[in-house]
Each structure stands twice: as structure tokens, then as C-alpha cells.
Protein chains: 2
Amino acid sequence: MIAKRRVAAVGYGLTRFGKREGGLRDLAAEAGKATIESVPRLDRKEIQGFFLTTTDGEPYLTASVAENLGLRPKLSSKVENLCASGGMGITIGYAAIASGLLDTCMILGAEKMSHLRSAPPMEWDFTRGGIMPPAVWGAIYARKHMQEFGTKEEDLALVSVKNHRNSSMNPFAHFQKPVTISEVMSSKPIVTPLKLFDCSAKTDGAAGVILAGEELARKFTDSPVWIAGTGQSSTGATFGNVNPDYTTWPAVKLASRDAYDSSSLLPKDMDVAELHDAFTINEIIEYEDMGFVKKGKGAEFIRDGQSEIGGRIAVNTNGGLIGAGHPIGATGIAQSVEVIQQLRNEAGKRQVKGARNGIILNLSASVSTASVIVYSDRK
Amino acid sequence: MIAKRRVAAVGYGLTRFGKREGGLRDLAAEAGKATIESVPRLDRKEIQGFFLTTTDGEPYLTASVAENLGLRPKLSSKVENLCASGGMGITIGYAAIASGLLDTCMILGAEKMSHLRSAPPMEWDFTRGGIMPPAVWGAIYARKHMQEFGTKEEDLALVSVKNHRNSSMNPFAHFQKPVTISEVMSSKPIVTPLKLFDCSAKTDGAAGVILAGEELARKFTDSPVWIAGTGQSSTGATFGNVNPDYTTWPAVKLASRDAYDSSSLLPKDMDVAELHDAFTINEIIEYEDMGFVKKGKGAEFIRDGQSEIGGRIAVNTNGGLIGAGHPIGATGIAQSVEVIQQLRNEAGKRQVKGARNGIILNLSASVSTASVIVYSDRK
């Protein structure tokens, strides 16, 4: 690791998440325009890098979206890593600026879930047997955590209740209404012990951020949010290979360790965190593997209200994937937008007072790939 | 632009190009294995970055290919920019290492053209009218160049003859036989003045490179090839918007200017060049817009044998897209592999004596996006 140029987020934008009319280009244009307009001191023609993060398979979509937005980028490409596309895209933009290759870069995530082809995206993963839906691995991880550490279905439900409460304060979220524990517990069984409200839903949406090099950041905004550190890990691709212990996720541990190390910050320094709650059990295991609590103590963290707004580390203040929605390729960008808003004191009703450091965890496919980014209001 | 860590290519690998059995994963595995084995001093588990460049739309293909190859990357993603995917992918890998985020990175391009969906990839480009095949824009550019500068169909044919001669010396090339001018001139008309042998063909293939940071490069190889500079430009996405003068291509001029500037090298310093000869006219216009000759003098450059092996700048020594083949997302990687081979004196029968500096130009979609990389055997 060598000395690096610092990089800051200087702007952000979102579409409303949910079932949306129009196509992916419309969503991308809406979020792209909002992102560009959030930095009025930056001429869109001066945005040097442009990465579109999406699982949409159409070739040359990036240039098409860039042209629609009036961009004239140098380095540009689609970046795809399934549900972790957004986190990887921001990391690539960060590297391009830190290296000196670019001064500014926009990363835009967009997904129109109803446009996804009908075939399951991981039909090659024979280690799943014939059972492809992601809720199956979610349920296996949940059952094992319950057996091993005494985690209860009610603990999972608490995650859903918290995240729906947070999303009810987020005007961009897919789900706008709080839910009660009994509503979660009595919701439709998906794969036992996971019920409907334990699962993230198909969501259309788009989100963008603009990054800039350190000498320029304050020219573009009075409140830059710095990328303090990053970490990534891909331990494999197939369910059967990546997490032999089920309740410990090596990709998350490796990526978060690198992110903490490179940021010189510790889990206890985090005020806010956007964790990848594809299922409620994820958030509980992630409390542990991100170092917020010891292994096996994740359920206590939610029971004791430590991940609430006002708790020790406010987790998924935007509602997370369960409350705000999970537009696959845009999720890592939306997570970053939430942390940036929190650190700029722009999160409205869900603002965490005095938030100065935040972290995102963005995952792919049965937790085989993880991308972690630490943000700070301090350079 | 700030001071940067230098980055070198330390290994490379290819599949044979052409009509190939098997799927994209097979091609990727074959080239990936060859690439990894070209650097015996590097354990594959130590490869920290992995980018798959392809237009294949399948999500999470990158992790799947990485798992097949036994990689455990940190930063990884698919990188897609249509025909310029390869050049952009190498540039992203370069930036990730130059920034200090990674020490090593593999970029693997793979394309199974017969797997491409049947719909034209740019059906949204209404500025093309109903006329979608790329040969239409190739023909328009050719006609205008002929009108304006007196370029002749025979000049176009000379490019095809040269590139087929070169590919006949490249055991990995799709087309293994030389062709004569009269064979080119009498080949099947595609879009006048372009004939069959003026056009690149659908080709299956894969190619890989491994990059490393400067302190490590000589640990992995005795003959590192340095990335001396890069440039990229995307002037739009649609045919009607990007090249109003037809015979001058702004994306190529902008990208090559940045590449020369960042490398402190000039066109005259280049010994070898891999240019994007989707059509023969491309190579002639590219001689001009890459600064090898003045505007309008491209035909003279080929007529005078200046782009032959042994000429002033040997162009498309591997056969180019026309002779070696154009497996879209792998093309920029294969171009780089050829330049690396030349600078390592490993190009066999087509070796350019004493080659020390080389350049690639990798384009997308009616020359709306360009990626240029300058390589040198000197740090």
C-alpha cells in the first residue's frame, strides 16, 4: 500500500424506489440528473469518469446513458458484480481518482428488476441442487445461527421492524409503512424460518454519487464526505464452496478487515452502517462479522436496540434492502448515498445526531463476494 | 495528474481465435489458465484483482470464472464497454494498482460470439435509421475519405492484404491464409465500397494479461512491459452524434492525445501499434487520428509500406481484427497481448526487430468511444 490521493463524495442522487413505470434508461436518467444537479458547481461535461452499475445485460448501455445525461466521460464502462455491483463500482471510481487518472467520476446504479430475464441468474451453481431461490440459503444460515447461538425468529423479526420503521421515514423507500413484530411473525412463510417480511423484495430504482480528488472536493461542495478506506473479497461463486460454517462469512470478515485497516478506523468508531440485509438473518450475522459484536451476539445487538437510530451503531437508517428496497445493481450506491446523507446531516427524520463515520457492506450471491467502504466527514 | 506508482504487464495468455466449440466459460478458462501459467513465480491465489471483459450479459459471470480458475480476488467485476471493453478493463486494472489499492490484477477478455442474442445490440440508436449493421457506418466513412482525400478501394485492400499476411504468421489467429489484392477486390460486396475482406468477422476467443505494481514486477518476470500512458474518450453513443466530419474521429484524437501526454512519448516513438481495424478504412483513418501521418495521408502510409513489419510503425502485427479476429470484449486484451509479445521479443515470425514502444487503440460502436494504452519496455 502506497500513499494515495484522498477522494471524497461531493454529490448524490436517488430515484424513488419501488415498482416504477418506464425502463432502465428512464430510472438512470432520473437518478443521474438528480446526482448531477446536487453539485451545481460542477459542469457535467467536466465529469471525467462514468461507471454504470447494473445487472442489465444490454451492451453499451453505459455510453447510451452517458449520452442521455450529456456526459462526455474519459474512462467509462458498465461494472457488474451481481448485488455487489454498486460497491465495486464506487471502489473502481475511487481507485481511478486516487491513482490520478481521473479528477472526477460519477457512479450510477440502476436496475429495472422486471427487465431481468426469466432464467435464474445462477443456474450454473450446481452446488445449490435444484433449489435456486436465494431464500433457501438465507434459511439455512438462519437455522444454523438459531441452533448454534439461540437466535430466535422474534430476533429476525426485530430487524424487519426496525428497517421498516426506518424506511417509513425515507421518502425514497419502496416500503413506506412501519410493521409490527406480530405482522412479521404472521407473514407468509417463504422458506422456514424466513417469512415474507424477513426478505428483501424486487425493487426498481437508481442511485448515483459523484467523487472528486482531494484538491477539488471543496471546490465542488462545502461538505465533502471522504472515502476513508475500502475492502473487497470474493471467496468464490457457488453456495457450496464459500461459507462452510454457514454462520461465519469469510468474504465479509476479509473485506471489512481491509476496510478498517486502510481507514485506520475501528468498528467502534462507526456511527452509521448500511448492511446488506437481503434477509433479516444477514443483518444479525453481519453485526458479528463486521466486528460490531462478538460472534453469536448479533441477536443481542438488535434486542438491546443498539442498531436503532440513537443506538450504538445505527444500522440501515434508510430502511435497508428490506425496507428501502433492493434494486440489485443500484443497492451499493444507495447504501453509500444514505451514509453520505447522514455524514452531511441531510438525512431528515432519520438523521443520526453527530454522525461522523459510516460504513457500507454490499454483498453478492450467498455471500460469496463482499465490498466494504468506510466513509468519514474527516479527511 | 499526480505522481503515480508504475504498473507493468508481467504475463499474458490467449486462446486460438476462430469458431470454437464449448461456451464462454471454456474459452475464459483456457485463456485464464494460459495467462496464469505465463507467470510461474506468481501463485494464483495472490492475484488481488480480477476483471472479466465481455459483452455477455450473464450476471455474476466474473465470480464464476474466477472460481473456475482458482482465484480469490479482492476487487473484481465484469467490465463492459462493447468492443472497447478490453482496453477499458486494462485501464481500470492499471488504475487499481497505480492507486495502491491492489498489487496484482488479472484482466481476462472472453467472447463467444455465437452466444450473443439475436437482436442488434444497438437497436436504440435511432440516428442509424433502419440500417443497423456496422458496415454501413464503415462504408459512409470510407466513401467520404475517398471523396475528400482520393483514397482508393485498392488502398483499403492493401490493409486487408497486410493484416491477413500478418495473421498467417500468428498461430492464434482466426484467418491463417494470406490473401491477394485481387482476392480482396473481388470478394463479396457488403456495403459499397466495403467488401467481405474489408470487414472483421465474428470470432470466438479469449485473452488475458496480468499486471503488477512496480516493486513487484521484476519479482514475477525478467521482462516486464510497462504501461507508459493511457487515454480514453467517449464522445457519445449514437452514430449521428459522434463524428460529424466522418473522416476525423474526435474520440480517437482525444484519447490518443492523453495517452501520448501521459507517457511523454510521441507517435514517432512507436515501433508497433495494434489499431482497431473493424473495417479496412478504420486503419487508414486511425493512422491519421493517432498522429502517425497528417490528415488525408493515411492511404500513402499503407501504400508506402510504412505500416508493414519492417516499416516505420508496424501496425496490427497479429493480423488485427480483420486477420486475427474480433471477439468483441476480448479484442483490447488481445491487442495488448500482441504489443507485450513484441516488446518482449516473443512474437515469433512476426517479430519487429528492436521494438521498444507500442500502442493499442480499442474502439466501440461507430467510433464513439476510444481507449488507448501506450506500452514500453522502459520504466
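In this text the structure is predicted, and so the values were computed from the model without any measurement. (Residues numbered from 1 in each chain as written. Chains lettered and ligands numbered in written order. Predicted model: local features only at pLDDT ≥ 70, side-chain atom pairs only at ≥ 80, totals over all residues. Heavy atoms only, no water.)

Novice: Can you walk me through the overall build of chain A in this structure?
Specialist: For chain A, the helix and strand inventory stands at 13 helices and 12 strands. Taken against the 2.2 N^0.38 rule, which gives 21 Å for 379 residues, the C-alpha radius of gyration of chain A at 19 Å falls within 12% of a compact globule. Considered along the principal axes of its C-alpha atoms, chain A spans approximately 55 × 45 × 40 Å. When the 379 residues of chain A are sorted by exposure, 66% land in the buried category. Long-range pairs, those at least 24 residues apart, make up 77% of the contacts in chain A between residues at least 6 apart in sequence. On chain A, roughly 12,400 Å² of surface is accessible, and the fraction owed to carbon and sulfur atoms is 53%. (Helix = DSSP H or I, 4+ residues; strand = E, 2+ residues; numbered from the N terminus. Rg over C-alpha atoms; globule rule 2.2 N^0.38 Å. Buried < 20%, exposed > 50% of the residue type's maximum accessible area, 1.4 Å probe, protein only. Contact = heavy atoms within 4.5 Å. Areas by Shrake-Rupley, 256 points an atom, 1.4 Å probe, with all protein chains shown as cover.)

Novice: What should I look at first to understand the side chain of T55 of chain A in this one?
Specialist: Residues and elements named next belong to chain A. Structurally, T55 is set in the loop between β2 (49-53) and α2 (61-68). According to the relative accessible area criterion, T55 is buried, its value standing at 4%. Side chain to side chain, T55 and E111 meet in a polar contact 2.7 Å long. (Polar contact = N/O pair within 3.5 Å; in protein donor to acceptor, adjacent residues only side chain to side chain.)

Novice: Please clarify how the relation of the copies chain A and chain B should be interpreted in this entry.
Specialist: One copy of the chain maps onto the other through a rotation about an axis plus a displacement along that axis. Superposing chain A onto chain B takes a rotation of 180 degrees combined with a translation of 0.0 Å along the rotation axis, leaving an RMSD of 0.0 Å. In the structure described here, the two chain copies are related by an operation that fits a two-fold rotation axis. With an isologous cut-off of 70% or more, the 100% of interface residues of chain A that recur at the interface of chain B puts this contact in the isologous class. (Least-squares fit on C-alpha atoms with pLDDT ≥ 70 in both.)

Novice: Hey, could you run me through the packing of helix α3 (residues 85-98) of chain A against helix α13 (residues 331-343) of chain A in this one?
Specialist: Geometry of a packed helix pair, given as the angle between the helix axes and the separation of the axes. Residue and element names in this part refer to chain A. At a minimum axis distance of 5 Å, the contact between α3 and α13 shows a crossing angle of 70 degrees. Here α3 is positioned roughly perpendicular relative to α13, judged by the angle of their axes. On α13, the residues that touch G86, G87 and I90 of α3 are G332, I333 and S336. (Axes fitted to C-alpha atoms, helices over the stretch in contact; angles between N-to-C directions. Parallel < 35°, antiparallel > 145°, perpendicular 65-115°, else oblique.)

Novice: Explanation requested: the interface of chain A and chain B in the structure shown.
Specialist: Reports of interface size often rely on the accessible area that becomes lost once the parts have come together. Contact with chain A, which involves 56 residues of that partner, is made by 56 residues of chain B. Carbon and sulfur atoms make up 56% of the surface buried where chain A meets chain B, a total of about 4,700 Å² over both sides. On the surface where chain A and chain B come into contact, there are 4 salt bridges. Among the elements of the structure, α2, β3 (75-80), α3, β8 (225-234) and α9 (250-263) of chain A are those that each provide at least two residues to the side of chain A that touches chain B. Ranked by the residues each element gives to the side of chain A that touches chain B, the list is headed by α3 of chain A, at 7 residues. Per-class residue counts for the side of chain A that touches chain B are 24 nonpolar, 21 polar and 11 charged. (Buried area = accessible area lost by both parts, 1.4 Å probe. Salt bridge = Lys/Arg side-chain N within 4 Å of Asp/Glu carboxyl O. Nonpolar A, V, L, I, M, F, W, Y, C, P; charged D, E, K, R; others polar.)

Novice: Whenever I open this one, the nonpolar core confuses me. Can you help?
Specialist: Soluble, globular proteins show a tendency: their nonpolar side chains are buried together. One finds L211 and Y375 of chain A together with L211 and Y375 of chain B to be the most contacted residues of the largest nonpolar core, which totals 76 residues. If sequence neighbours within four positions are ignored, L211 of chain B has contacts with V7, A8, A9, I90, G93, Y94, I97, D103, T104, C105, I107 and I227 of chain B. (Core = buried A, V, L, I, M, F, W, Y, C linked by side-chain atoms within 4.5 Å.)

Novice: Would you explain the pairing of strand β2 (residues 49-53) of chain B in this entry?
Specialist: The two faces of the sheet receive side chains in turn, since in a regular strand these alternate between them. Counting buried positions over the 5 residues of β2 of chain B gives 5, a clear majority of the element. As for the winding sense of the linkage, the β-α-β connection from β2 of chain B through helix α2 (residues 61-68) of chain B to strand β3 (residues 75-80) of chain B is right-handed. (Right-handed = clockwise from strand over helix to strand, strands pointing away.)

Novice: Sorry if this is basic, but what is going on with the pairing of strand β8 (residues 225-234) of chain B here?
Specialist: Residue and element names in this part refer to chain B. β8 sits mainly inside the fold: 10 of its 10 residues count as buried. Bridging between strand β1 (residues 7-14) and β8 involves 2 bridges; their strand directions are antiparallel. Following the sheet pairing, A8 is matched in β8 by W226. Across 8 bridges, the pairing between β8 and strand β12 (residues 369-376) is antiparallel. Looking at the pairing, W226 lines up with S376 of β12. (Pairing = 2+ DSSP bridges.)

Novice: Honestly, the environment of R6 of chain A in this entry has me stumped. Any pointers?
Specialist: Residue and element names in this part refer to chain A. One can find R6 in the segment before β1 (7-14). Residues R6 and A95, spaced 89 residues apart in sequence, show a C-alpha to C-alpha distance of 9.9 Å. If near-sequence neighbours (up to four positions away) are discounted, R6 is found in contact with A212, G213, E214, W226, I227, A228 and K379. Of the polar contacts made by the side chain of R6, one reaches the backbone oxygen of I227; its length is 3.5 Å.

Novice: Whenever I open this one, helix α10 (residues 280-289) of chain B confuses me. Can you help?
Specialist: In an α-helix, one turn spans 3.6 residues, which is why side chains three or four residues apart end up on the same side. Residue and element names in this part refer to chain B. Counted residue by residue, α10 has 10 buried out of 10 residues, so it is predominantly covered. Taken together, the buried positions of α10 are T280, I281, N282, E283, I284, I285, E286, Y287, E288 and D289. Where α10 terminates, the next one or two residues include G291, which has phi positive at roughly 85 degrees.

Novice: Just to check I follow, could you spell out the packing of aromatic side chains for this structure?
Specialist: In this description, an aromatic ring pair is defined by two values, namely the gap between the centres and the angle between the planes. Here the structure, examined in full by the defined rule, presents 14 aromatic pairs over all chains. Where F292 of chain A meets F301 of chain A, the ring centres are 6.2 Å apart and the plane angle is 40 degrees; that geometry is what we call tilted. Between the aromatic rings of Y141 of chain B and F239 of chain B, the centroid separation amounts to 6.0 Å while the plane-to-plane angle is 35 degrees, which identifies the pairing as tilted. A residue pair is termed long-range when its members are at least 10 positions apart, and Y141 of chain B in helix α4 (residues 134-149) and F239 of chain B in helix α8 (residues 239-242) qualify at 98 residues. (Phe/Tyr/Trp six-rings, centres within 6.5 Å; stacked < 30°, edge-to-face > 60°.)

Novice: Explain the pattern of salt bridges here, please?
Specialist: Pairing is possible between side chains of opposite charge, provided their charged atoms come close. All names here are of chain A. For the coordinates displayed, the defined rule picks out 52 salt bridges over all chains. Residue R165 is joined to E308 by a salt bridge in which the shortest nitrogen-to-oxygen separation is 2.5 Å. Of this pair, R165 sits in helix α5 (residues 153-167) while E308 sits in the loop between α11 (298-303) and β10 (314-315), and the two are 143 residues apart along the sequence. Salt bridges sharing partners connect three or more residues here, namely R5, D103 and E215.

Novice: When you look at helix α9 (residues 250-263) of chain B in this model, what are you seeing that I'm missing?
Specialist: All names here are of chain B. Along its 14 residues, α9 runs 20 Å from first to last C-alpha, staying within 8% of the 20 Å computed at 1.5 Å per residue. Within α9, burial applies to A251, V252, A255, S256, D258, A259, Y260 and S263. Looking at the packing, one finds that the buried side of α9 touches β8, α10, β11 (357-364) and β12. Remark: S264 follows α9 within two positions and exhibits a positive phi of approximately 55 degrees. (Expected span 1.5 Å × (residues − 1).)

Novice: Even after reading the chapter, I still don't get the side chain of E286 of chain B, so can you show me in this structure?
Specialist: All names here are of chain B. Note that E286 resides in helix α10. K162 is the oppositely charged side chain nearest to the buried, salt-bridge-free E286, at an N-O distance of 9.5 Å. A distance of 3.1 Å separates the side chain of E286 from the backbone nitrogen of H276, its partner in a polar contact. Other than its neighbours up to four places away in sequence, E286 contacts W249, L275, H276, D277, L361 and L363. (Lys, Arg positive; Asp, Glu negative; His and termini not counted.)

Novice: Before we go on, may I ask you to explain the confidence of the model for chain A in this structure?
Specialist: Note: predicted coordinates in regions of low pLDDT should not be interpreted at a detailed level. Overall, the predicted model of chain A reaches an average pLDDT of 95, with 97% of residues at or above 70. Taken over the whole predicted complex, pTM reads 0.98, whereas the ipTM for its chain interfaces reads 0.97. (pLDDT = per-residue confidence, 0-100.)

Novice: Which parts of the structure should I look at to understand unusual backbone geometry?
Specialist: The phi torsion of most residues other than glycine is negative, and most of the peptide bonds are trans. Each neighbour pair has its own omega, and for T192 of chain A with P193 of chain A the value is 10 degrees, a cis peptide bond. The backbone phi angle of N316 of chain A is positive, close to 55 degrees, even though this residue is not glycine. Residue placement: N316 of chain A occurs in the loop between β10 and α12 (320-323). For N316 of chain A, a relative accessible area of 0% puts it in the buried group. The phi dihedral of Y60 of chain B is positive, around 65 degrees, even though this residue is not glycine. Position of Y60 of chain B among the secondary structure elements: in the loop between β2 and α2.

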